[in-house]
Structures are given as C-alpha cells and as structure tokens.
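# Remarks on the overall topology
Here is how the chains run, residue by residue.
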Amino acid sequence: ALQNLNLTVIVATTHSLGIGKSGTLPWHLPTDLSYFSRVTKRPPPSQSPSTSPPVLNTLIMGRKTYFSIPPKFRPLPSRRNIVISRSSRPDSFNDASTWVTSFPDAIAAAGGDGGRIFVIGGAEIYKLAMEDERTRNVLLTRVEGEFGCDRFFPVDVRDEGNTGWAQRGHEELCAFVGEAVPAGAREENGVRFWFELYQRP
Ligand code: FOL
C-alpha cells in the first residue's frame, strides 16, 4: 500500500561520492551493471514463489539519466521506467517509459502494486530521494579511484551516526538482493569495487 512504500536507492560512487562525468558513467564496470540489471529486475522476497503474471519493479530516474542509457537498453527492460522531467515529454518521443513532472508524481505513479521501487539517479533525483524518509535502503557499489567526476551523491551513508544510515552485513545484503553476492572486493578493468547495503529505520 502507498502508506508503507519504501524506496531503494541504487548507486555506484567513488570514495568522494562521485557518480558521473560529462553526462555518463565515469567507469566501465560490466559486472556492476549486470548486478544492477539483475537486482532491479528481481521481484521482492514477498512476491516469491513467483506470482503470475510477475510483478514488475519500478525504476525512478531523471531525464538526463534516462537519456544517458544506451538507446538499445531503454526503457530498461522488464521494469517500469518512470522519468522525471520539469517539462513534458517530447512529442516526438513515445517509447514505453512513463513521464512525470515531479518526484511525488513519480512515487504516485510507481506505488502500490507490490513491486520494489528503485531510485536510479542522477544527482538531482538522488537528493530528492535521500531527503524522503521513505528511502530506507541504499544499495551502494563503492568504487575505488576518483575519475574526475562532475556529479556527486548527496549523502555519505558510510558516515554512520551523523546520517542515521548503518551498513548491513554480507548475509543481509545477499538476503536483500536475493542472490549470493561474493564477499569482499571485486576487480574489473583494474578498478576495485565493493557491493554494500545501507539501511535506516
Ligand atoms: N547503480 C549501480 N550500482 N551502478 C550503476 O552503474 C548505476 N547506474 C545508474 C543507476 N544506478 C546504478 C544509471 N545509469 C544502464 C546504463 C546506465 C545506467 C543504468 C543502467 C544499463 O544499460 N542497464 C542495463 C544493463 C545492461 C548490461 O548488463 O550491460 C540493464 O538492463 O539494467
């Protein structure tokens, strides 16, 4: 139900909270993108064993993030794509995405059917989500290196105590995402990264 909605932010950041550069992802981490794809597609534990038809999860994103996704991958398949833009959707443009003009309208369009709701960025939309107390989960991919980012995540969830966010253990991460996430650091293209879960009450 709408009152019990909770939101999950999914993001990859550097240690200094960088998330983007020149309108795109600063790194090339296929393992992280495929984790993103699997985790955002998977129905929540409350929906298993699988219902028919399966409930689709919802992705909420800003316009710039939407257009940063390679055209062949958007709308991101097997998920409801809700795009926030202050101006209305271009007339020329009618794919299977849903367009709204505010964060509250995105929640209203997403809510209520039992699927998970993920906020997938970018910086402006993450800020709105982190200010919303219904955002209880952050699936963080922590990326080592700096990459000259020009967009940043608004909150350091690792700063426990000051932010109210707490890191959950590896078992809880696996249970939350519904798969066996390898423990410890990963490495791809010479870049180290870690899959983590943070929650707040
Ligand atoms: N969260 C994490 N952990 N990593 C990210 O790179 C990330 N990126 C965004 C939001 N949250 C994230 C926003 N940017 C695709 C591309 C860019 C993007 C989000 C998704 C994308 O193409 N996704 C495909 C995966 C295709 C593949 O496996 O290469 C999908 O089906 O989800």
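Everything that follows concerns the structure shown earlier in this document.
These remarks concern the structure in this document. The residue count restarts for each chain, going from 1 along the sequence in the order it is written. Local features are withheld for residues below a pLDDT of 70 in this predicted model, meaning they are given only at 70 or higher, and side-chain atom pairs are given and counted only at 80 or more; totals for whole chains, interfaces and linings count all residues. Side-chain measures were taken over the full set of non-hydrogen atoms in the model, leaving aside hydrogen atoms and water.

What follows deals with the side chain of N57. The way it works is that DSSP assigns letters per residue, a run of H or I at least four long becomes a helix, a run of E at least two long becomes a strand, and they are numbered from the N terminus. Structurally, N57 can be placed in the loop between α1 (30–41) and β3 (58–62). In protein, a polar contact means a hydrogen-donor-capable atom and an acceptor-capable atom, both N or O and within 3.5 Å, with residues adjacent in sequence counting only if both atoms are side-chain atoms; elsewhere, any N or O pair within 3.5 Å suffices. Polar contacts involving the side chain of N57 include one to the main-chain carbonyl oxygen of T40, which spans 2.8 Å. Reaching out from N57, the side chain makes a polar contact with the backbone oxygen of R42 at a distance of 2.7 Å. Not counting residues up to four positions away in its chain, the partners in contact with N57 are V39, T40, K41, R42, P43, P44, R79, R80, G115, R116 and F118. By definition in these notes, contact holds between two residues if any of their heavy atoms fall within 4.5 Å.

Before going further, it helps to spend a moment on helix α4 (residues 123–130). Burial classes: relative accessible area under 20% of the type maximum marks a residue as buried, over 50% as exposed, and values in between as partly exposed (1.4 Å probe, protein chains only). Buried within α4 are the following residues: I125, Y126, A129 and M130. Seen along its axis, α4 keeps its buried residues to an arc of 135°; they face one direction. To obtain the arc, one takes the directions from the helix axis to the C-beta atoms.

Turning next to the site of the ligand. It suffices for a single heavy atom of a residue to lie within 4 Å of a molecule or strand for the residue to be listed as near it. Around the ligand, the structure places 17 residues, and the nearest of them are I10, D32, S37, R79 and I120. Within the backbone of I10, one N or O atom sits 3.2 Å away from a nitrogen atom of the ligand. At a separation of 2.8 Å, an oxygen atom of the ligand approaches a polar side-chain atom of R79. All accessibility values rest on the Shrake-Rupley procedure with a 1.4 Å probe; residue burial counts only the protein chains present in the view. Protein coverage of the free-state accessible area of the ligand, which is 660 Å², stands at 87%. Taken atom by atom, the bulk of the ligand overlaps the largest pocket. Counting only elements with at least two residues in the shell around the ligand, the list comes to β1 (7–14) and α1. With 5 residues, the top contributor of residues to the shell around the ligand is α1. The nonpolar class holds Ala, Val, Leu, Ile, Met, Phe, Trp, Tyr, Cys and Pro. Asp, Glu, Lys and Arg form the charged class, and all remaining residues, Gly among them, are polar. When its residues are assigned to classes, the shell around the ligand shows 11 nonpolar, 4 polar and 2 charged. Here the term cavity refers to a set of points on a 1 Å grid, laid over the protein atoms alone, in which a 1.4 Å probe fits but cannot get out; the term pocket refers to an open set having protein on both sides within 12 Å along at least five of seven lines, with lining residues being those that place an atom within 4 Å of a point. For a cavity or pocket, the test is whether more than half of a molecule's atoms lie within 2 Å of its grid points; if they do, the molecule sits there.

Before going further, it helps to spend a moment on the nonpolar core. Ranked by internal contacts, the top residues of the largest apolar core, which has 29 residues, are Y35, I120, L139, L173 and V177. Elements with a minimum of two residues in this core: β1, α1, β3, β7 (135–143), α5 (170–177) and β11 (191–199). Apart from the residues lying within four places of it in its own chain, the contact partners of L139 are T8, V9, I10, V11, Y35, V39, F118, L173, F176, V177, E196 and L197. Among buried residues, those of type Ala, Val, Leu, Ile, Met, Phe, Trp, Tyr and Cys that are joined through side-chain atoms within 4.5 Å constitute a nonpolar core.

Below, the discussion takes up the pattern of salt bridges. Salt bridges, as used here, are contacts in which a Lys or Arg side-chain nitrogen is within 4 Å of a carboxyl oxygen on Asp or Glu. On inspection of all chains with the given rule, the structure shows 9 salt bridges. Across the pair R80 and D113 runs a salt bridge whose closest N-O atoms are separated by 3.2 Å. Residue R80 is located in strand β4 (residues 80–84), and its partner D113 is located in the loop between α3 (103–110) and β6 (117–119); the two are separated by 33 residues in the primary sequence. Judged by its relative accessible area of 27%, R80 falls in the partly exposed class. As a salt-bridge pair, E124 and R86 come within 2.6 Å of each other at their nearest N and O atoms. Note that E124 is positioned in helix α4 and R86 in the loop between β4 and β5 (98–100), a separation of 38 residues in sequence. Each of R38, R42 and E179 takes part in salt bridges that share partners, so that together they form one network.

The next point concerns unusual backbone geometry. With an omega of -5°, the peptide bond running from R74 to P75 counts as cis. Turning to its location among the elements, P75 is positioned in the loop between α2 (63–68) and β4. One non-glycine residue, L17, adopts positive backbone phi at about 75°. Tracing the backbone shows L17 in the loop between β1 and β2 (18–20). The backbone of S22 sits at a positive phi, close to 50°, despite the residue not being glycine.

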